[in-house]
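Chain and residue survey
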Amino acid sequence: MAHQAHSYHMVDPSPWPIFGAAAALLTTSGLTMWFHYNTPYLLIMGLISTALVMLQWWRDIVRESTFQGHHTPTVQKGLRYGMVLFITSEAFFFLGFFWAFFHSSLAPTPELGGQWPPVGITPLNPMDVPLLNTAILLASGVTVTWAHHSIMEANRKQAIQALALTVLLGFYFTALQAMEYYEAPFSIADGVYGSTFFVATGFHGLHVIIGSTFLLVCLLRLIKYHFTPKHHFGFEAAAWYWHFVDVVWLFLYMTIYWWGS
Amino acid sequence: QGLKPLVPTESPAPIFGTSKPPSEAEAFLGKNKVPDLQKVFQRSDGLPVHLKRGVPDRLLYRTTMALTIGGTIYCLVALYIASQPKNK
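Throughout what follows, the structure given in this document is the object of discussion. Not measured: the values here are computed from a predicted model.

**Digging into the overall build of chain A**
A tally of helices and strands in chain A yields seven helices and zero strands. For chain A, the succession of helices and strands along the chain, N to C, is α-α-α-α-α-α-α. When its C-alpha atoms are laid out on the principal axes, chain A stretches across 75 × 45 × 30 Å. Per-residue burial over chain A gives 44% buried out of 261 residues. When the accessible surface of chain A is split by element, carbon and sulfur atoms take 73% of a total near 13800 Å².

**What about the pattern of salt bridges?**
All chains considered together, the criterion is met by six salt bridges over all chains. In this structure, the salt-bridge partner of R59(A) is D57(B), at a minimum N-O distance of 3.4 Å. Within this pair, whereas R59(A) is found in helix α2 (residues 41-67), its partner D57(B) is found in helix α2 (residues 55-82), the two belonging to separate chains. The class of R59(A) is buried, set by a relative accessible area of 18%. Residue classification places D57(B) among the buried residues on the basis of a relative accessible area of 2%. Between D60(A) and R63(A) there is a salt bridge; the shortest N-O distance is 4.0 Å. Residue D60(A) and its partner R63(A) are located together in helix α2, separated by three residues, close to a single helical turn. The buried category is assigned to D60(A), whose relative accessible area is 3%. Note on R63(A): relative accessible area 5%, which makes it buried. Counted as one network, the salt bridges with shared partners bring together R59(A), D60(A), R63(A) and D57(B).

**Concerning the nonpolar core**
Residues L163(A), F197(A) and F235(A) are the most contacted members of the largest nonpolar core, which totals 50 residues. Only α3 (73-106), α4 (129-152), α5 (156-183), α6 (191-223) and α7 (233-259) of chain A provide two or more residues apiece to this core. Excluding anything up to four places from it in sequence, F197(A) contacts L124(A), Y181(A), F186(A), G202(A), I256(A) and Y257(A). Residues M33(A), L42(A), C75(B) and A78(B) belong to the second largest nonpolar core, which totals eight residues.

Cut-off values and rules
Residues numbered from 1 in each chain as written. Chains lettered and ligands numbered in written order. Predicted model: local features only at pLDDT ≥ 70, side-chain atom pairs only at ≥ 80, totals over all residues. Heavy atoms only, no water. Helix = DSSP H or I, 4+ residues; strand = E, 2+ residues; numbered from the N terminus. Buried < 20%, exposed > 50% of the residue type's maximum accessible area, 1.4 Å probe, protein only. Areas by Shrake-Rupley, 256 points an atom, 1.4 Å probe, with all protein chains shown as cover. Salt bridge = Lys/Arg side-chain N within 4 Å of Asp/Glu carboxyl O. Core = buried A, V, L, I, M, F, W, Y, C linked by side-chain atoms within 4.5 Å. Contact = heavy atoms within 4.5 Å.

Below is the structure:
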């Protein structure tokens, strides 16, 4: 039987990339059909197939690493580079929305009454739920670091407790933010204030949900003994992503919620 | 013969340290099944990793394929219909 003479991972042929591309086609064209022809079927097929592809692709990565041992230090280095590049691209994504916010708020037009917040907008009190949300995310940053140290010290019970607490804090943030959205005295249709507020905080909220899901998967893997004190990159990637989500919120809080009120 | 002691001389049953330490089968929140799974996924059966577990993998794979390929055909049909000019 031939063995490879290098430390890279030559993956088995996989259908997920092409199915993923097809799922993206169905989701985007499904959005079009829903918007213009009021039929949601294509969109639903797109969302379900996207979810199925993500599930199976990531399941296969766990199989290749934890069960088949393909993630050598060389492979892990590549994954680290990949995650860093991905998070950097996300940072640029948010930069765009912050740019839009400052474009409109630094020099408010006469249509807005020459002021920020515009005439007629009652902004949310930054010392109310938004401050609680800030505390929640900062605390979750502490708990995820606690979980990391517990994993490295082979302390199973504490690692599970700390990571579970992190996930709960993440869901608590989402629940509070959903309530804030429902109770807000302004909507996305309320001029450029509404647009910048809900698009920026909305995409952030989506990233909180993604990050919480990633951490939840890590929690399940932690309980199933997938991580070792020396090798737990999936968890580290989730923790990096979570810290990124936290930092974006801090910027959102300081600029849109506080300075912008 | 001798006087029967009023107080029993054997030491009383121990109170501390009597619970047995968690054995391998009772570890916190389930036991480690990773070595068994490693055996399953390292079988030389020529199967690619996405089908390695047999029936459940095949089911999910076929469902995903049906949705994506069927959906792509539906998408092309819908786009063809949508591109027809509206007759006034």
